[in-house]
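Chain residues, written in single-letter form:
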Amino acid sequence: MLSLVTRVLVLLLCGCQMQQRSENIAEILGTVESFRKDHQTQAAIDYLVHKDVYKNLDLLETLAFLYEENNENLLAAQTFEQLFHADIDKQYIECAFHAAEIYCQLGDIYSAGRCYRLYLELNPQDHSIWFKLSAIEEQLGHPATALTAYFNGLEMIPVKKGSFIKKLPELCYNNGMLEAAKFWGRRVLKIQPDDVATLEILLKVADAHNDRHKAMFYIQKLKALDVNFLQKHPELYTKYAYKETVEVAETEIKEVVIPHDICATQQEIECTLQWFGVPYIPQKHFTDTLDPLCPNFIY
């Protein structure tokens, strides 16, 4: 009998403590809101930092937003990141995204990349964040991971649109994948024939292959869009701008149109490779869907 009475008292006591704790949180948030309504953001922060915010994630989230509202952006980003790690049940995964965005504003791209990765670990379907991470990795000088992140983003897009491939020529070129850069560059030109960035990548590919004819073709295209193009690129000017080459190239280029399709059939490729004793391995057929001309990556 005594044991039963003791259990009842313990349950009542715990229930009262839980109710009191819940009421206290509500009161704290109410006080913070009253400070905010009176435009006393700093007073709200000073009040909240003395509470046990790490034991209640709602309070920690409120503190992060207060820091941001008070233009204390570094503290805001750090608090959002702390909230992500304190959230065992992962109910606040958006806080990693908030932290990354603020770090970007502060120019701390290393921390931004870290937080974008934390977010993507739990929400990998968000293609827009993969693209953001790709841009971060590019700024950090990591071309392989930049390309990987971009392909992951493409894979998550529900509706594939041609505009999404515009970045691929540059990313492939930066990874030394010249054939892939050429393939995707020609795909982009089908959609945007006068895209300067893509024409410049195709020019670089032609130059890397020492294909003077194609290089001059793209130079003339770029000069038509910007008459001072060669003057802005002294290394190309030295190589391609002397009079005899320009005159001959202009005559030939007017008569030739470089196709934007890969014309060789599988049989032609196989026959060519047999001359070198190389076994032919069939490649995937590239349709209008975005099948990458490079290995499948996992970030």
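(A) Molecular detail of the overall build of the chain. In terms of regular secondary structure, the chain is built from 16 helices and zero strands. In the chain, which comprises 299 residues, the proportion classed as buried is 34%. Considering only contacts within the chain whose residues lie at least 6 apart along the sequence, 50% involve residues at least 24 apart. Carbon and sulfur atoms form 57% of the exposed surface of the chain, whose accessible area is close to 18100 Å².

(B) Spotlight on the packing of aromatic side chains. All told, the structure shown has seven aromatic pairs when counted by the stated rule. Pairing F65 with F80 gives two aromatic rings, centres 5.0 Å apart and planes at 80°, and the pair type is edge-to-face. In this pair, F65 is assigned in helix α3 (residues 57–69) and F80 in helix α4 (residues 73–86), connecting sequence segments 15 residues apart. Relative accessible area serves as the criterion here: at 1%, F80 is assigned to the buried category.

(C) Examining unusual backbone geometry more closely. The phi angle at H39 is positive, at roughly 60°, despite the residue not being glycine. Within the secondary structure layout, H39 lies in the loop between α1 (2–37) and α2 (41–48). Here H39 falls in the exposed class, since its relative accessible area comes to 74%. Backbone geometry at K90 places phi at a positive 55°, although glycine is not the residue there. When you line up the elements, K90 lands in the loop between α4 and α5 (94–106). You can call K90 partly exposed: its relative accessible area is 30%.

(D) Layout of the nonpolar core. Counting 37 residues, the largest nonpolar core has L48 and Y116 as the members making the most contacts within it. Mapped onto this core, the elements with two or more residues apiece are α1, α2, α3, α4, α5, α6 (109–122) and α7 (127–139). F131, A146, I157 and A180 belong to the second largest nonpolar core, which has 19 residues in total.

(E) Spotlight on the confidence of the model for the chain. With 72% of its residues at a pLDDT of 70 or more, the chain shows a mean pLDDT of 78. When the criterion is pLDDT under 50, residues 243–266 qualifies, and its contacts beyond four places in sequence or with other chains add up to 31 contacts.

(F) Main features of the packing of α2 against α3. Packing of α2 against α3 leaves a shortest axis separation of 10 Å and a crossing angle of 150°. Comparing the axis directions of α2 and α3 gives the class roughly antiparallel. The crossing of α2 and α3 is left-handed. Between α2, through T41, A44, I45 and L48, and α3, the contact on the second element is made entirely by L59, T62, L63, L66, Y67 and E69. By residue class, the composition of the contact of α2 with α3 is seven nonpolar, two polar and one charged.

(G) Just the packing of helix α11 (residues 196–208) against helix α12 (residues 212–225), in detail. Two elements in contact, α11 and α12, have axes separated by 8 Å at closest approach and are oriented at 155°. As judged from the angle between their axes, α11 and α12 are roughly antiparallel. Seen along the crossing, α11 lies across α12 with a hand that is left-handed. Contact with α11, carried on its side by V196, L199, E200, L202, L203 and A206, involves K214, A215, Y218, I219, K221, L222 and L225 of α12 and no other residues of that element. By residue class, the composition of the contact of α11 with α12 is 10 nonpolar, no polar and three charged.

The rules we used
- Starting from 1, residues in each chain are numbered consecutively following that chain's sequence as written.
- For this predicted model, a pLDDT threshold of at least 70 governs which residues receive local features, and a threshold of 80 or more governs which side-chain atom pairs are given and counted, while totals over whole chains, interfaces and linings are taken from all residues.
- Values reported for side chains reflect all heavy atoms of the structure, with hydrogen atoms and water molecules removed beforehand.
- Note on conventions: DSSP H or I runs of at least 4 residues are helices, E runs of at least 2 residues are strands, and numbering of each starts at the N terminus.
- For every residue, the accessible area (1.4 Å probe, protein chains only) is compared with the maximum for its type, and the residue is labelled buried under 20%, exposed over 50%, or partly exposed between those bounds.
- Residue contacts are defined here by distance: any two heavy atoms, one from each residue, within 4.5 Å place the two residues in contact.
- We get accessible surface area from the Shrake-Rupley algorithm with a probe of 1.4 Å; when it comes to residues, only the shown protein chains can shield them.
- For Phe, Tyr and Trp, rings pair up if their centres lie within 6.5 Å, where Trp contributes its six-membered ring, and each pair is then called stacked (planes under 30 degrees apart), edge-to-face (over 60) or tilted (otherwise).
- Residues belong to a common nonpolar core when they are buried Ala, Val, Leu, Ile, Met, Phe, Trp, Tyr or Cys residues joined through side-chain atoms within 4.5 Å.
- Note on scores: pLDDT gives the predictor's confidence for each residue, bounded by 0 and 100.
- Note on geometry: axes are C-alpha line fits, over the in-contact stretch for helices, and angles between N-to-C directions span 0 to 180 degrees.
- Roughly parallel means an angle under 35 degrees; roughly antiparallel means over 145; roughly perpendicular covers 65 to 115; every other angle is labelled oblique.
- Handedness of a crossing is defined here by the sense of rotation of the near helix relative to the far one, left-handed for an anticlockwise turn of less than a right angle and right-handed for a clockwise turn.
- Gly counts as polar in this scheme, as do all residues outside two lists: the nonpolar Ala, Val, Leu, Ile, Met, Phe, Trp, Tyr, Cys and Pro, and the charged Asp, Glu, Lys and Arg.

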